Amino acid sequence: VMAVVKANAYGHGAIAVAREALAAGADQLAVATVDEGVQLRNAGVKPPILVLGPVDETEIDLAVGRSIELPVASLAFAAAVAEAAEQIGVSSPVPVHLKVDSGMHRYGVEPEQAVALAAFVQQHPLLRLRGAFTHFARADEPDEAPTEDQDEVLEAALGRIRSSGIDVEVVHSANSAATIRSHRFHRGMVRLGIA
């Protein structure tokens, strides 16, 4: 379980909710911005924290320095993360999550370019392909077809990545609505937030 505590845990207090979620067995946390992740780190929260949304390149150093996991959706951004890791002098590869645009069209690598990006991350000595994910745009609607369509796009991209000999540690696509809707969308990890 990845507990999503963005927007101050939807107004409930990110630090308190993060601590309770972790105490209850959550494996990881997710936030919307680097600043939200830094607030958790400043409060002593140690487990992995992933930023779900796009990150400005000016924030990479801060995120890498505070061990906040970042989404990558382009070769240029992945290279910038690696450069920051080199400048900081990290002791182990920086974990990143490949964000695939499966149809929401907000942020993510195009599915056809996912293999090249995953290969870049896997081959770079300062990067670690910790995960791959997408976001379902309409999982809370009665019609399940759009979510199934996005799931198929993600699965096809993952198939090409795996066929290229690239291992992804954890795949996560199910937001709160998809987690509740069906086990079919659970994959390796679910992201529970607003639920």
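Everything that follows concerns the structure shown earlier in this document.
Residues numbered from 1 in each chain as written. Predicted model: local features only at pLDDT ≥ 70, side-chain atom pairs only at ≥ 80, totals over all residues. Heavy atoms only, no water.

Draft legend 1. Up close: the packing of aromatic side chains. Taken as a whole and assessed by the stated rule, the structure comprises one aromatic pair. With centroids separated by 5.5 Å and ring planes inclined at 65 degrees, the aromatic side chains of Phe136 and Phe185 adopt a geometry described as edge-to-face. Here the residue Phe136 occupies a position in the loop between strand E6 (127–133) and helix H7 (145–163), and Phe185 occupies one in the loop between helix H8 (176–181) and strand E8 (189–192), the gap between them amounting to 49 residues. An identical accessibility class is assigned to Phe136 and Phe185; each is buried. (Phe/Tyr/Trp six-rings, centres within 6.5 Å; stacked < 30°, edge-to-face > 60°. Helix = DSSP H or I, 4+ residues; strand = E, 2+ residues; numbered from the N terminus. Buried < 20%, exposed > 50% of the residue type's maximum accessible area, 1.4 Å probe, protein only.)

Draft legend 2. Main features of helix H5 (residues 75–88). For H5, with 14 residues, the first-to-last C-alpha span of 20 Å sits near the 20 Å given by 1.5 Å per residue. Every buried residue of H5 is accounted for by Phe77, Ala78, Ala80, Val81, Ala82, Ala84 and Ala85. Along its buried surface, H5 packs onto helix H4 (60–65), strand E4 (68–72), strand E5 (94–99), helix H6 (114–123) and E6. Of the residues trailing H5, Gly89 is marked for its positive phi of about 80 degrees. (Expected span 1.5 Å × (residues − 1). Contact = heavy atoms within 4.5 Å.)

Draft legend 3. Local environment of the environment of Asn8. With respect to the secondary-structure elements, Asn8 resides in helix H1 (residues 6–11). With a relative accessible area of 43%, Asn8 lands in the partly exposed category. C-alpha of Asn8 to C-alpha of Ala32: the two residues are 24 residues apart in sequence and 9.8 Å apart in space. Ignoring sequence-local partners within four residues, the contact set of Asn8 consists of Gly13, Ala14 and Glu36. In terms of polar contacts, Asn8 uses its side chain to reach the backbone amide nitrogen of Ala14, at 2.8 Å. (Polar contact = N/O pair within 3.5 Å; in protein donor to acceptor, adjacent residues only side chain to side chain.)

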